[in-house]
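Chain by chain, the residues:
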Amino acid sequence: MPNDIILEIRSLKKYFAAGSRGWFSRRERFVHAVDGVDLQLRRGEVIALVGESGCGKSTLALTLMLLEEASEGSILFEGKDITRASPQERKALRQRIQMVFQDPYESLNPTQTIEEIVSEPLAVHGLTPNANERRERVIRALEDAGLKPAADYLYRYPHQLSGGQRQRVVIAGALVLEPHLLIADEPVSMLDVSIRAEIINLLADLRQTRGISVIFITHDLGTVGYFADRVAVMYLGRIVEIGTMREVLQDPKHPYTQALLSVIPVPNPRLRRKRIILQGETPNPIDLPGGCRFHPRCPLAIEACKHTDPSLIKISSSHQAACLLLQP
Ligand code: SF4
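Residues numbered from 1 in each chain as written. Predicted model: local features only at pLDDT ≥ 70, side-chain atom pairs only at ≥ 80, totals over all residues. Heavy atoms only, no water.

## Details of the overall build of the chain
What counts is decided by this rule: The way it works is that DSSP assigns letters per residue, a run of H or I at least four long becomes a helix, a run of E at least two long becomes a strand, and they are numbered from the N terminus. As defined in this context, the radius of gyration uses C-alpha atoms, and a globule is described by 2.2 Å times the residue total to the power 0.38. Note on classification: 1.4 Å probe, protein chains only; a residue is buried when its accessible area is under 20% of the maximum for its type, exposed when over 50%, partly exposed between these limits. For every accessible area listed, the method is Shrake-Rupley and the probe measures 1.4 Å; residues are considered covered only by the protein chains on display. Counted charges follow a simple rule, with Lys and Arg positive, Asp and Glu negative, and His plus the chain ends left uncounted. To locate a charge, take atom NZ for lysine, CZ for arginine, CG for aspartate or CD for glutamate.
Each helix and strand counted, the chain has nine helices and twelve strands in total. For 328 residues, the compact-globule estimate of 2.2 N^0.38 gives 20 Å, and the C-alpha radius of gyration of the chain, at 21 Å, lies within 12% of that figure. Taken along the three principal axes of its C-alpha coordinates, the chain extends 70 × 55 × 45 Å. Expressed as a percentage of its 328 residues, the buried residues of the chain come to 49%. Working note: accessible area of the chain is about 16,100 Å², and carbon and sulfur atoms make up 49% of it. Looking at charge distribution, the chain has the averaged site of its 40 positive side-chain charges lying 4 Å from that of its 38 negative ones.

Below you can see the structure in the form of structure tokens.
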């Protein structure tokens, strides 16, 4: 594993038991939430993980945080296989891998001051028993999260802050442990549109100020903008397209990515995109369709798509997509 690779995911699978097929069947069924994901993340890189709800991106995040146990495959973090880490190792890893959840209203204890909230992870991990040093770390985390001057926020309560400020407090609570990897699961989806760009810019700045790698999870390709280095598009537990932001946004190769992009509003009224409306619902992840799992909804599907499951095909050194139409 090269030194600049902070995270490597190899053939990762996470299945959940979903009971047997019927009264008389003993065959166990499984939800294939994550179904063979390979991914590498470099130090200081921001990658956006995009897909509709139910595509497995949040389960992937929880598995990377070791909050869910992988069914198969492995996770290497900073050169070490952490897939089956012991409880003590997991606790130590949580200092280096932090997660920001979607809902800033649910994530904060309403009875605690901002200082108590942000300093709590230090106490949980037994760090900085010295009160002055602890406060310094809280202040630095709040200011790096954009709450300046931090002294104005220390004694406030969550209900005295706006939605955007609360999400900054959540981010400060993650930063206070000085993590190397931040996993942000839909961090802006519950915020006003006017505030979303601020939080996205903040996450992008963190790699400059702190050198943090970020996995930014979203259902909306439109929120990604140009802030991420790469985009990985997930469908039914797998990555179906991955490439640099420019490659994926300007020249999407997979029909699913093309459909996601086609419905993003374009600010220029003279530039009109043909909207691709996908038919039907995402298939049940218990009974996955044979062949290409996107074929029941794919507007370009051909007969072979019902029988052949495409793997990722290389388009350039950084761009890959899983579609039979791309085969040479
Ligand atoms: Fe569509 Fe077939 Fe390509 Fe799958 S392999 S994305 S069904 S064209």
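So much for the structure itself; the text now carries on.
## Section: the packing of helix α5 (residues 163-175) against helix α6 (residues 193-209)
In a packed pair of helices, the relevant descriptors are the angle between the two axes and the axis-to-axis distance. Which entries qualify depends on this criterion: The convention used is that axes are lines fitted to C-alpha atoms, helices contributing only their stretch in contact, and that angles between N-to-C directions extend from 0 to 180 degrees. By definition in this entry, angles of less than 35 degrees are roughly parallel, angles greater than 145 are roughly antiparallel, angles of 65 to 115 are roughly perpendicular, and the rest are oblique. Each crossing gets its handedness from the near helix: less than a right angle anticlockwise from the far helix is left-handed, clockwise is right-handed. Residue contacts follow a heavy-atom distance rule, with two residues in contact if any of their heavy atoms lie within 4.5 Å.
The N-to-C vectors of α5 and α6 enclose an angle of 20°; their axes lie 10 Å apart at closest approach. The orientation of α5 relative to α6 falls into the category roughly parallel. The hand of the α5/α6 crossing is right-handed. Taken together, the residues of α6 that come into contact with α5 (itself represented by Gly-164, Gln-167, Arg-168, Ile-171 and Leu-175) are Ile-195, Glu-198, Ile-199, Leu-202, Leu-203 and Leu-206.

## So, the side chain of Glu-115
For Glu-115, the location among the structural elements is in helix α3 (residues 114-124). For Glu-115, a relative accessible area of 16% puts it in the buried group. What Glu-115 contacts, discounting residues up to four positions off in sequence, is Arg-135, Val-138, Leu-154 and Tyr-155.

## A short note on helix α9 (residues 255-262)
Burial analysis of α9 places seven of its eight residues in the buried class, which makes it a mostly covered element. Its buried side turned inward, α9 meets β3 (46-50), α7 (221-224), β9 (230-235), β10 (238-244) and α8 (245-250).

## Quick notes on the nonpolar core
Selection criterion: What we call a nonpolar core is a set of buried Ala, Val, Leu, Ile, Met, Phe, Trp, Tyr and Cys residues that are connected through their side-chain atoms within 4.5 Å.
If you look at the biggest cluster of nonpolar residues, it comprises 63 residues, and the most contacted ones within it are Val-118, Leu-142, Ile-171 and Leu-221. Broken down by element, this core gets its largest block of residues, seven residues, from α6. What Leu-142 contacts, discounting residues up to four positions off in sequence, is Ile-114, Val-118, Leu-147, Ala-150, Leu-154 and Ala-172. Of all hydrophobic cores here, the second largest spans 32 residues; its members include Met-65, Ala-70, Ile-75 and Ala-85.

## A closer look at a nonpolar patch on the surface
As a reminder, the rule being used: The patches reported here contain residues having more than 30% relative accessible area and no salt bridge. Joining distances are 9 Å for like charges and 5 Å for nonpolar side chains (Val, Leu, Ile, Met, Phe, Trp, Tyr). Any carboxyl oxygen of Asp or Glu within 4 Å of a side-chain nitrogen of Lys or Arg constitutes a salt bridge here.
On the surface, Leu-300, Ile-302 and Leu-325 cluster together into a nonpolar patch covering about 260 Å² of accessible area. Examined against the element boundaries, Leu-325 turns out to sit in the segment after β12 (320-321).

## Points about unusual backbone geometry
Cis rather than trans, the peptide bond between Lys-148 and Pro-149 has omega equal to -15°. Residue Leu-236 is not a glycine yet carries a positive backbone phi of 45°. Relative to the helices and strands, Leu-236 is located in the loop between β9 and β10.

Functional significance is not addressed by these values, which are geometric in nature.
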